[in-house]
Amino acid sequence: MNPRLGIALLGVILLPLSHSAADTIPINQDESKVPSYTLPDPLVFADGTPVKDAAGWTRRRAEILELYRSHVYGHTPKGLPRKKATVVSVDAHALGGLATRKLIRVPLTKDAGGLSMEMLLYVPNGATKSVPAFVGYNFNGNHTLTADPQIPLARGWVPNDRESDITNHVANGHSRDKDSSAWPVERILSRGYALATIYYGDVEPDFDGGWRQGLRGAVAKDGTNHVFAAEEWGAIGAWAWGLSRALDHLESEAAVDARHVAVIGHSRLGKTSLWAGAQDTRFALVIANESGEGGAALARRWFGETVWRINTSFPHWFCGRYKDYNQNVPALPVDQHELIALSAPRPVYVASAEEDLWADPRGEFLATKHAEPVYQLLGKPGLGVTDMPPVGTPVGGTLGYHIRTGKHALTAYDWEQYLNFADRQWKR
Ligand code: GTR
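Since we're looking at a predicted model, the values are computed, not measured.

Draft legend 1. Up close: unusual backbone geometry. Pro345 follows Ala344 through a cis peptide bond whose omega is 0°. Counting through the fold element by element, Pro345 comes out in the loop between α8 (336-341) and β8 (348-353). In this model, Leu95 sits at a positive phi of 50°, which is unusual for a non-glycine residue. By the element assignment, Leu95 lies in the loop between β1 (86-94) and β2 (99-107). Taking the relative accessible area as the measure of exposure, Leu95 reaches 24% and is therefore partly exposed.

Draft legend 2. Representation of the nonpolar core in the model. Judged by nonpolar contacts, the single largest core of 89 residues is most densely connected at Tyr68, Leu250, Trp275 and Ile340. The dominant element in this core, judged by the number of residues it contributes, is helix α5 (residues 235-250), at ten residues. When residues of this core are sorted by domain, at least three fall in each of domain 1 (3-71 + 291-408) and domain 2 (86-260). Each residue touching Ile340, except ones within four places of it in the same chain, is listed here: Leu274, Ala296, Val348, Val350, Ala367, Thr368, Ala371, Tyr375 and Leu399. Listed in part, the 29 residues of the second largest apolar core include Tyr193, Tyr349, Leu419 and Trp426.

Draft legend 3. Region of interest: the domain arrangement of the protein. Segmenting the protein into domains produces domain 1 (3-71 + 291-408) and domain 2 (86-260). On the side of domain 2, eleven residues touch domain 1, which itself brings nine residues to the contact. Carbon and sulfur atoms make up 52% of the area that domain 1 and domain 2 hide from each other, which totals about 860 Å². Taken as a group, His316, Trp317 and Arg321 account for 62% of the area that domain 1 buries against domain 2, more than any other trio of residues on that side. Applying the counting criterion to the domain 1 and domain 2 interface returns one salt bridge. Across the pair Glu231 and Arg321 runs a salt bridge whose closest N-O atoms are separated by 3.2 Å. The tally of links between domain 1 and domain 2 comes to nine residue pairs in polar contact (both at pLDDT 80 or more). For the side of domain 1 that touches domain 2, a count of residues per class yields four nonpolar, three polar and two charged.

Draft legend 4. The site of the ligand, seen in detail. In the vicinity of the ligand, the contacting residues are Ser267, Arg268, Lys271, Glu305, Ile310, Phe314, Trp317, Trp358 and His408. The separation between an oxygen atom of the ligand and a polar side-chain atom of Ser267 is 2.7 Å. A distance of 3.4 Å separates an oxygen atom of the ligand from a polar side-chain atom of His408. A breakdown of the residues in the shell around the ligand according to their chemical character gives four nonpolar, two polar and three charged.

Draft legend 5. A look at the sheet that holds β2. Taken together, ten strands build an open sheet; the order of strands is β1-β2-β3-β5-β4-β6-β7-β8-β10-β9 and the sheet is mixed. Every other strand in the sheet has two partners, leaving β1 and β9 (395-396) as the edge strands with one partner each. Pairing between strand β4 (residues 131-138) and strand β6 (residues 256-266): four bridges, direction parallel. Note on β6: the bridge partner recorded for Ala133 is Val261. This element, α5, spans β1, β2, β3 (116-124), β4, β5 (194-199) and β6 of the sheet and lies at about 50° to β3. Contacting β4, β5, β6, β7 (285-289), β8, β9 and β10 (399-404), helix α10 (residues 412-425) crosses the sheet at an angle of about 160° to β10.

Draft legend 6. Broad picture of the packing of aromatic side chains. Enumeration over the complete set of coordinates arrives at 18 aromatic pairs. Ring geometry for Tyr68 against Tyr73: centres 5.8 Å apart, planes inclined by 15°, an arrangement best described as stacked. For Tyr68, a relative accessible area of 0% gives the class buried. Ring pairing ties together the aromatic residues Tyr68, Tyr73, Trp275, Phe314, Trp317, Phe318 and Tyr322, which thus form one cluster. One residue, Arg245, lies across the ring of Trp241, its end atom 4.6 Å from the ring centre. The ring centre of Tyr193 lies 4.4 Å from the NZ or CZ of Arg428, which sits over that ring.

Draft legend 7. Structural detail: the pattern of salt bridges. Evaluated as defined, the whole model comprises 29 salt bridges. In this structure, the salt-bridge partner of Arg282 is Asp280, at a minimum N-O distance of 2.7 Å. Here the residues in one salt-bridge network are Arg187, Arg191, Glu416, Asp423 and Arg428, joined through shared partners.

Draft legend 8. Quick look at the pairing of β7. Most of β7 is tucked away: five of the five residues are buried. Burial along β7 is two-sided: Leu285, Ile287 and Asn289 facing one way and Val286 and Ala288 facing the other are all buried. Pairing between β6 and β7: five bridges, direction parallel. Bridge pairing in β7 links Ile264 to Ile287. Note on the crossover from β6 through helix α6 (residues 268-279) to β7: the handedness is right-handed.

Draft legend 9. Broad picture of helix α9 (residues 361-377). Taking 1.5 Å per residue, 17 residues should reach 24 Å; α9 reaches 26 Å between its end C-alpha atoms and fits that length. Of all the bends in α9, the greatest, near 30°, is centred on Ala371, and the proline Pro373 appears no more than four residues after it. The complete set of buried residues in α9 reads Pro361, Gly363, Glu364, Phe365, Leu366, Ala367, Thr368, Lys369, Ala371, Glu372, Val374 and Tyr375. At its buried positions, α9 is contacted by α2 (54-71), α8, β8 and β10. Directly after α9, the chain includes Gly379, whose backbone phi takes a positive value near 80°.

Thresholds, definitions, all that
Residues numbered from 1 in each chain as written. Predicted model: local features only at pLDDT ≥ 70, side-chain atom pairs only at ≥ 80, totals over all residues. Heavy atoms only, no water. Helix = DSSP H or I, 4+ residues; strand = E, 2+ residues; numbered from the N terminus. Buried < 20%, exposed > 50% of the residue type's maximum accessible area, 1.4 Å probe, protein only. Core = buried A, V, L, I, M, F, W, Y, C linked by side-chain atoms within 4.5 Å. Domains from an automatic or database assignment. Contact = heavy atoms within 4.5 Å. Buried area = accessible area lost by both parts, 1.4 Å probe. Salt bridge = Lys/Arg side-chain N within 4 Å of Asp/Glu carboxyl O. Polar contact = N/O pair within 3.5 Å; in protein donor to acceptor, adjacent residues only side chain to side chain. Nonpolar A, V, L, I, M, F, W, Y, C, P; charged D, E, K, R; others polar. Near = heavy atom within 4 Å. Pairing = 2+ DSSP bridges. Axes fitted to C-alpha atoms, helices over the stretch in contact; angles between N-to-C directions. Phe/Tyr/Trp six-rings, centres within 6.5 Å; stacked < 30°, edge-to-face > 60°. Lys NZ or Arg CZ within 6 Å of the ring centre and 35° of its normal. Right-handed = clockwise from strand over helix to strand, strands pointing away. Expected span 1.5 Å × (residues − 1). Bend = angle between axes of the 7 residues up to and from the residue.

Here it is in structure tokens:
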């Protein structure tokens, strides 16, 4: 048979199949089934010329950042209002005197009484100079980190089956200190770091349509009638912008060394910390805890969550254009090693958990590894290992990585590695 005719016939036969595959891209969790794939090279410009030096990387970096804006997370609108934050309360003897606790209201919109986020800041007492800090969103409200009754309950929407609007959080199980295992506050403080955290729902409630109650709705010219164009920002973009506003305030806190602020996030909030670190180079260190698909995991590796699946479950996280790649991931002009590389030469730590197959631990390791050439070009060691380390064996130079035992969570073990990593990077 004429080979062209053969291919045409095959196309006719496969067309209905590939059409029905549109809603059934299977989830693979079998390493032996992962097909080979080719990653875009962060050190080759779109026109095919190689990046040769740091100046070249600056230009290539701008190119990759633009691709991420146009195809993955969307563009952050220009000229968004930035208003000074207000310190609402100060307790110089928080946590039995270990720290000073501040509650800070950070406005997100122009109008007084408009949308704002509430930041909880702990600074260790007794430091002789300003201290480095971690900043990151929490999932269920600032009040869930510690038992401190002075911390106001989260306002507005909090996830309860991730869709309802709840006013009585405590009655709904969002009790004080329920997330304390994810936030070893006293340990962080006793290691000499400040900790700033914000409830992510303050910026945008996390469901499809949540933007109407959040930042993206508040700043759209046509408000809640807005229809998003394909390259406009999604929720991850809005959350990332909020982290930069948190850093704006930290720059005004004399007790905080704002040149040494690490941005940290778990899971969807790890995707957010990577995107925040990529866009805002003031973040001196970036941590993505089990950030998975759309975070540190390679999109082209068919393992765990897929582009199609994440766009279907969480259509609001990314820009509209990202959906174009649901059935055609190889056409994506970027892959996630390049998201990590956008933070170079600043240190980035990626972490996985052994049982968190959904997030593709090996894909998270490989993305970190494939970001390394950019670090090396800039004179930094990068990851410094060839193979994925065994469970419970943190590795790294400017790029850090570990896989620990257990499930999808942010744990004291993870924090211990982040504290050690920050100590090493900042020679403490
Ligand atoms: C999952 C989602 C992941 C990850 C996780 C989380 O359902 O598929 O991409 O973000 O949620 O944020 O906990």
